[in-house]
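Next come the chains, spelled out residue by residue.
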Amino acid sequence: MFARRIDRLTSSLVRDLLALTQHPDMISFAGGLPADAALFRPDLQPLSAADVWQYGPSEGEPGLRELVARRAGAFGLACTPEQVLILNGSQQGIDLVAKLLVDEGVPVLVEAPAYLAALQAFRLFGARTLPVPVDATGGVDFAALQDGLQRARLAYLTPTFQNPSGYCYSETERERVAAGIDDAATVLFEDDPYRDLCYDGTAPAPIAGRLRRAHWVYQGSFSKTLAPGLRLGYLIAHPALMAPLVRLKQAADLHSNRLSQHLVSQVLRDGTLERHVAGVLPLYRERRDAMHAALTRHLAGRAHWRCPVGGLFFWITLPAGTDTMALMHRALAQNVAVMPGDAFFDEAGATPCLRLNFSHADPTRIELGVARLAALLP
Ligand SMILES: Cc1ncc(COP(=O)(O)O)c(C=O)c1O
C-alpha cells in the first residue's frame with residue numbers, strides 16, 4: 001500500500017530517546033536541546049500586524065529575507081535577499097534539497113559521522129551515501145573527499161562545530177574543500193546551525209562563500225540561538241537553484257509560519273539576537289567546561305575526546321569492542337540518556353563512540369550523569 005521509499009524510512013533514535021528523556025529525573029545528554037534558561041521568550045504583545053494572520057509569500061517575509069542576507073554577508077557569505085528562502089526549521093531544507101537532487105541510487109557525499117536526521121532524509125530518497133571520515137583529531141580525510149567528489153551529485157557538509165563530532169574545519173581545509181568542489185562541479189550543501197555558538201574566538205567563514213563555479217545551498221537556523229519551538233530556519237542558494245527550491249517549498253507547505261517570522265524579524269532588526277547569544281555563550285561555556293572536567297575526572301585514560309570550540313556536543317571514543325547500544329540501555333536504567341555513535345554512520349562497524357550534549361543539564365547534573373556513565377564502563 002505504501003510508496004517504495006517507505007521501506008527505507010528509518011525512525012530517528014534521537015526523537016525516540018527524546019520521548020523517554022522528558023522525565024524530570026532523567027539527566028539527558030542525548031538530544032541537541034538548548035538549555036531551558038537559554039530559550040528566547042519574547043514579550044508577546046497583541047499583534048497589530050494583521051498580515052501575520054493571512055497567507056504569506058512562499059519565499060518568506062521580504063523584511064526577514066533582507067535581514068538574513070545582511071547577516072550572512074557579515075559572516076562571509078555575500079548574497080542578495082532574493083537568494084534567501086525562509087524555512088520551517090532547517091530540517092526542512094534537508095528535505096527540500098534531497099527532493100531537488102536525490103533520486104534512487106544517486107551518490108551523496110556525507111561526513112562520517114554525519115547528522116543522523118540528514119542521513120535519514122537522504123536514505124528516504126534512495127541516496128547512495130559516500131562517507132568521508134572527519135574526526136576531531138585527524139580532520140577531513142582529503143583522499144576520501146577527492147574520491148567521493150568525483151562521483152557525488154551532492155556533498156552534504158557541516159563544517160562548523162559538526163553534529164555529532166563538534167569538529168570545525170580550519171581555514172585551510174575550507175579552501176581545499178571549496179577548490180575540490182569547484183573542480184568536481186558537485187553541488188555543495190552546507191548545513192550551519194551552530195555557527196553562533198562559538199565559545200573561543202569566532203567561526204571561520206562558510207565554504208559556500210569561497211566557491212567560484214559550483215552550485216551550492218547554505219542553511220542556518222534560529223533553533224539553537226533563539227528557540228527550536230519557533231521552527232524557523234533559512235536557506236541561501238546559488239541563483240540557479242532558487243526557482244525549483246521555491247516551488248518545492250510551495251508544494252510542501254505553502255510558506256513558513258508568519259508569527260515566528262514576525263518575531264524573528266523584530267529580534268534581528270533591534271539587535272536582540274546578538275544580545276541574547278552574548279548572554280547564552282557564558283552559560284554554555286561553563287557547561288562545556290563542566291563536562292570536560294567531569295570526563296577528565298571520571299574517564300581519563302578509558303576514553304578519548306576533544307573539548308569542542310563550539311556547538312553543543314562532546315564526541316567520546318570508547319575502547320574497541322564496547323557495545324554502545326547496550327551501554328545506552330544500561331545508562332537509561334540509571335536515568336542518564338546518551339546517544340550511541342552508530343546512529344551517525346551509514347555503515348556498520350564504526351569505532352564505538354558516544355555523543356554527549358552539554359547544553360541542557362546544569363553543571364551539577366553533568367557531574368552526576370558523567371559519574372554514573374563512567375561507572376558503567378570497564
Ligand atoms: C546539523 C543539523 N542540521 C539541521 C538541524 C535541524 O535544526 P532545525 O530544524 O531545528 O533548524 C539540526 C538539529 O539538531 C542539526 O544538528
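Residues numbered from 1 in each chain as written. Predicted model: local features only at pLDDT ≥ 70, side-chain atom pairs only at ≥ 80, totals over all residues. Heavy atoms only, no water.

The name an unreviewed UniProt entry assigns to the chain is Putative 8-amino-7-oxononanoate synthase, from the organism Chitiniphilus purpureus. Word for word, the UniProt comment on the chain under Cofactor (unreviewed entry) is "pyridoxal 5'-phosphate". (UniProt positions renumbered as here; feature names shortened; annotations may be inferred.)

1. Remarks on the site of the ligand
Near the ligand you find 14 residues, and of these Ser90, Asp191, Tyr194, Ser221 and Ser223 are the closest. In this structure, an oxygen atom belonging to the ligand sits 2.8 Å away from a side-chain N or O atom of Asn163. Taking Asp191, its side chain carries an N or O atom lying 2.6 Å from a nitrogen atom of the ligand. Out of a free accessible area of 400 Å², the ligand has 92% covered by protein chains. Here the shell around the ligand is composed, by residue class, of four nonpolar, seven polar and three charged. (Near = heavy atom within 4 Å. Polar contact = N/O pair within 3.5 Å; in protein donor to acceptor, adjacent residues only side chain to side chain. Areas by Shrake-Rupley, 256 points an atom, 1.4 Å probe, with all protein chains shown as cover. Nonpolar A, V, L, I, M, F, W, Y, C, P; charged D, E, K, R; others polar.)

2. Remarks on the environment of Leu109
Along the chain, Leu109 falls in strand β3 (residues 107-112). What makes Leu109 buried here is its relative accessible area of 0%. Separated by 99 residues in the primary sequence, Leu109 and Ala208 have C-alpha atoms spaced 16 Å apart. When neighbours within four sequence positions are excluded, Leu109 is seen to be in contact with Leu130, Val132, Leu145, Gly148, Leu149, Ala152, Leu154, Ala155, Tyr156 and Leu157. (Helix = DSSP H or I, 4+ residues; strand = E, 2+ residues; numbered from the N terminus. Buried < 20%, exposed > 50% of the residue type's maximum accessible area, 1.4 Å probe, protein only. Contact = heavy atoms within 4.5 Å.)

3. Section: the sheet that holds strand β12 (residues 339-340)
The strand order β10-β13-β12 describes an open sheet built from three strands, whose pairing is antiparallel. Only two strands of the sheet have a single neighbouring strand rather than two, namely β10 (313-317) and β12. (Pairing = 2+ DSSP bridges.)

4. Describing the packing of aromatic side chains
As enumerated under the stated definition, the model contains 10 aromatic pairs in all. With centroids separated by 5.9 Å and ring planes inclined at 40°, the aromatic side chains of Phe75 and Tyr218 adopt a geometry described as tilted. Pair noted here: Phe75 is in the loop between α2 (62-74) and β2 (84-87) and Tyr218 is in strand β8 (residues 216-221), with a separation of 143 residues, a long-range link. One aromatic cluster is present, formed by Phe122, Tyr156 and Phe189 through successive ring pairs. The side chain of Arg176 reaches across the aromatic face of Phe142, ending 3.8 Å from its centre. Over the face of the ring belonging to Phe75 we find Arg195, whose NZ or CZ atom lies 4.9 Å from the ring centre. (Phe/Tyr/Trp six-rings, centres within 6.5 Å; stacked < 30°, edge-to-face > 60°. Lys NZ or Arg CZ within 6 Å of the ring centre and 35° of its normal.)

5. Digging into the UniProt feature "domain: Aminotransferase class I/classII large" (unreviewed entry) in the chain
The UniProt feature table records "domain: Aminotransferase class I/classII large" (unreviewed entry) at residues 51-372. Between the C-alpha atoms that bound residues 51-372 the distance is 52 Å, and the span itself is 41% helix and 17% strand.

6. Details of unusual backbone geometry
Between Ala112 and the following residue, Pro113, the backbone shows a cis peptide bond with an omega angle of 5°. Summarising the element assignment, Pro113 is placed in the loop between β3 and α4 (116-124). At Phe161, a residue that is not glycine, the phi angle is positive and equals roughly 55°. With respect to the helices and strands, the residue Phe161 is situated in the loop between β6 (154-157) and α6 (171-184). Of the residues examined, Phe161 reaches a relative accessible area of 2% and is grouped as buried. A positive phi angle, close to 50°, is found at Arg231, a residue other than glycine. Looking at where Arg231 falls in the secondary structure, it is placed in the loop between β8 and β9 (233-237).

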